[in-house]
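Next come the chains, spelled out residue by residue.
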Amino acid sequence: LNDAADPSKPSLTQVLADEGLRSDVPTLFVWEAVLFYVQPEAVRQIFDDVFAFGDASSYCLVDSLKPAITTSFLHEVREFFDGYNLDVVDHNSRWGGAVHFVLASRRESSLTKTMLKER
């Protein structure tokens with residue numbers, strides 16, 4: 001994953017698409033404590049790449065959001081995801097923002113509307 005910051009390497013979504021991932025199919029991306037081990041520049045690039053994938057994607061993160069988010073405050077998390085046209089469906093954090101529990105989804109998608117309604 002540290003290669004994500006290397007412009008000479010294919011993006012994460014390109015690697016996945018080469019193996020059959022389709023942007024027209026609703027997709028749930030899950031991070032579980034992997035970003036702690038990834039260089040900050042690569043984390044930024046992974047966010048930019050993956051958060052732009054597909055019109056019906058959702059994202060479940062149980063992970064560090066550093067370097068993008070360094071606190072536990074929901075308004076900062078929402079502002080960050082707003083920049084990617086994503087709604088925060090649910091959020092919690094532990095240890096002063098060291099670990100975030102986030103469910104986010106593409107704004108205006110039918111999946112997001114259903115998740116927000118069912119919450």
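What this report covers is the structure whose coordinates are included nearby. None of the values given here were measured: they were computed from a predicted structure.

A few words now on unusual backbone geometry. Of the consecutive residues Lys66 and Pro67, the connecting peptide bond is found in the cis state with omega at 10°. Structurally, Pro67 can be placed in the loop between strand S2 (58-63) and helix H3 (74-82). The phi dihedral of Asn85 is positive, around 60°, even though this residue is not glycine. Mapping Asn85 onto the fold places it in the loop between H3 and strand S3 (86-94). Look at Trp95: it is not a glycine, yet its phi comes out positive at around 55°. Relative to the assigned elements, Trp95 resides in the loop between S3 and strand S4 (99-106).

With that settled, the discussion passes to helix H2 (residues 40-50). Residues of H2 that are buried include every one of Ala42, Val43, Ile46, Phe47, Asp49 and Val50, and no others. Where H2 is buried, its residues touch helix H1 (12-18), strand S1 (28-32), S2 and H3.

Definitions and cut-offs
- Residues numbered from 1 in each chain as written.
- Predicted model: local features only at pLDDT ≥ 70, side-chain atom pairs only at ≥ 80, totals over all residues.
- Heavy atoms only, no water.
- Helix = DSSP H or I, 4+ residues; strand = E, 2+ residues; numbered from the N terminus.
- Buried < 20%, exposed > 50% of the residue type's maximum accessible area, 1.4 Å probe, protein only.
- Contact = heavy atoms within 4.5 Å.

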